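An overview of the molecular structure
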Amino acid sequence: MKHFFSIFLLLWAIQAFGQEIPDSSYWEAEMEDSVSAMAIKPLDPLQTKTLLKQIIKRFKQDLKQKHEVCKYRTDATFIRETLAPFSVSRITYGKPGIALHYPDDDFKLFLFPKFSYEGPYELTNRDSLYIGHYLNTFPKICPNYLPWVLHLYYTVHGHIDKEALLPFEDYNETLQYYKVTAYSIFDAAGRSVYRFIFARNGVKRYGKDVVYGKKYDVGELVGTAYFDSQSLRILQFNGKGRVPTEDHVINIRFQNDYDEDNGSPALRQTKLVWEAKGTKIKATVQIMPE
């Protein structure tokens, strides 16, 4: 797996110029003492649409690529209002790509969660299942997946016709519901990336229970993505997800960083903050050397 150091230096430089990273109080991007002068050129609407179509096509191709199983470590700290926080960690093995894919059955992982725990509480079996669910979910969060728990009963029975809006699922849908702006960024050393910013454009998107006809807000993922200017391979995604449920809203801020493996993206790390109903979870997912 290759780490394109020069490209990531350019990303760090961009962030130094003020690009927001989710929950910067939680983590900090590495910075070099000095960076080359950069040029940032906005793309016109036609260029943006043309490039967006190519990027979505490449993204979907990369989703299908197969990679060797790698070792990952997930660390998470759970914070609940006035209660003392606690921390958990787990080593898992999966096939990296846009997100981590488990070689084992997900249901087995859910039923038998194993993790290390540090905290003042004695965990029950129910606690372990709850924690294990999140440890299973966090490595999967990426530009084409948000954990979706809206209308769980209907989901189980197959009555839901729409999940959360995602920027790389469908070109026409992205143009309909997102305001998309794009930039070409390059430095004096010839390193270059494309930056795409996906924001909602104010057009509402509802799902519908196909049996009872009830409409509901599907939520969405917005954020900033960086792509290699030559291969159009995704390098980094800084996202903010909003997932409505029956009685509250889940907010997820995360950053995926990618290396390259056999010509396609392979997840190197994810940093995230998950918040809902008075609970905050800060987590990292990182590839580990064998």
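What comes next concerns the included structure. Note that this is a predicted model, so its numbers are computed, not measured. (Residues numbered from 1 in each chain as written. Predicted model: local features only at pLDDT ≥ 70, side-chain atom pairs only at ≥ 80, totals over all residues. Heavy atoms only, no water.)

A word on the overall build of the protein. Helix and strand counts for the protein come out as six helices and 14 strands. For the protein, with 290 residues in total, the buried portion stands at 49%. (Helix = DSSP H or I, 4+ residues; strand = E, 2+ residues; numbered from the N terminus. Buried < 20%, exposed > 50% of the residue type's maximum accessible area, 1.4 Å probe, protein only.)

The phi angle at Leu232 is positive, at roughly 65°, despite the residue not being glycine. Within the secondary structure layout, Leu232 lies in the loop between strand S10 (220–228) and strand S11 (234–244). Given a relative accessible area of 13%, Leu232 falls into the buried group.

Turning to the packing of aromatic side chains, a few remarks are in order. Each aromatic ring pair is characterised by the separation of its centres together with the angle its planes make. Across all of its chains, the model carries 16 aromatic pairs by this definition. When the centroid spacing of 6.0 Å and the interplanar angle of 85° are considered together, the rings of Phe168 and Phe227 count as edge-to-face. Of this pair, Phe168 sits in the loop between helix H5 (152–156) and helix H6 (171–177) while Phe227 is found in strand S10, placing the two residues 59 residues apart along the sequence. Phe168 gets classed as buried once you look at its relative accessible area, which sits at 1%. In this structure an aromatic cluster arises from ring pairing among Phe59, Phe168, Tyr178, Phe196, Phe198, Phe227, Phe237 and Phe254. (Phe/Tyr/Trp six-rings, centres within 6.5 Å; stacked < 30°, edge-to-face > 60°.)

Before going further, it helps to examine the nonpolar core. Formed by 57 residues in total, the largest nonpolar core has its most connected members in Phe138, Phe168, Phe196 and Trp274. With residues near it in sequence (within four places) discarded, Phe196 still touches Thr48, Leu51, Leu52, Ile55, Val180, Thr181, Ala182, Gly223, Thr224, Ala225 and Phe227. (Core = buried A, V, L, I, M, F, W, Y, C linked by side-chain atoms within 4.5 Å. Contact = heavy atoms within 4.5 Å.)

Here nine bridges tie strand S6 (residues 178–187) to strand S7 (residues 192–200), and the two strands are oriented antiparallel to one another. In the sheet register, Phe186 faces S7, and the bridge partner there is Ser192. Count of turn residues in the S6/S7 antiparallel hairpin: four residues, of which Gly190 carries a positive phi of about 90°. Strand direction decides the pairing type here: S7 and S10, joined by six bridges, are antiparallel. The partner of Phe196 across the bridge, within S10, is Ala225. (Pairing = 2+ DSSP bridges.)

Bringing the pattern of salt bridges into the picture now. Taken as a whole, this structure holds 10 salt bridges when the rule is applied. The salt bridge involving Arg58 is made with Asp62; its shortest N-O contact spans 2.9 Å. In this pair, Arg58 and Asp62 both sit in helix H2 (residues 45–63), four residues apart, roughly one turn of the helix. For the pair Arg58 and Asp62, one class covers both residues: buried. In this structure, the salt-bridge partner of Arg242 is Asp217, at a minimum N-O distance of 2.7 Å. (Salt bridge = Lys/Arg side-chain N within 4 Å of Asp/Glu carboxyl O.)

Turning next to the environment of Ala99. Within the secondary structure, Ala99 is located in the loop between strand S3 (86–96) and strand S4 (100–101). Along the chain, Ala99 and Pro143 lie 44 residues apart, while their C-alpha atoms are 8.7 Å from each other. Once residues lying within four places of it in the same chain are set aside, the contact partners of Ala99 are Pro139, Lys140, Cys142 and Leu267.

A word on the layout of surface pockets. Counted as a void, the second largest pocket has a volume near 320 Å³. Forming the boundary of the second largest pocket are 13 residues, of which Arg80, Leu83, Phe86, Asp127 and Tyr130 lie nearest the centre. Broken down by secondary-structure element, the contributors of at least two residues to the lining of the second largest pocket are strand S2 (70–80) and helix H4 (125–137). Of the residues forming the lining of the second largest pocket, the biggest block, four residues, is contributed by H4. Counted by class, the lining of the second largest pocket contains nine nonpolar, one polar and three charged residues. (1 Å grid on protein atoms, 1.4 Å probe; cavity = no way out; pocket = protein on both sides within 12 Å on 5 of 7 lines; lining within 4 Å. Points joined across faces, edges and corners; volume = space filled by probe spheres on them. Nonpolar A, V, L, I, M, F, W, Y, C, P; charged D, E, K, R; others polar.)

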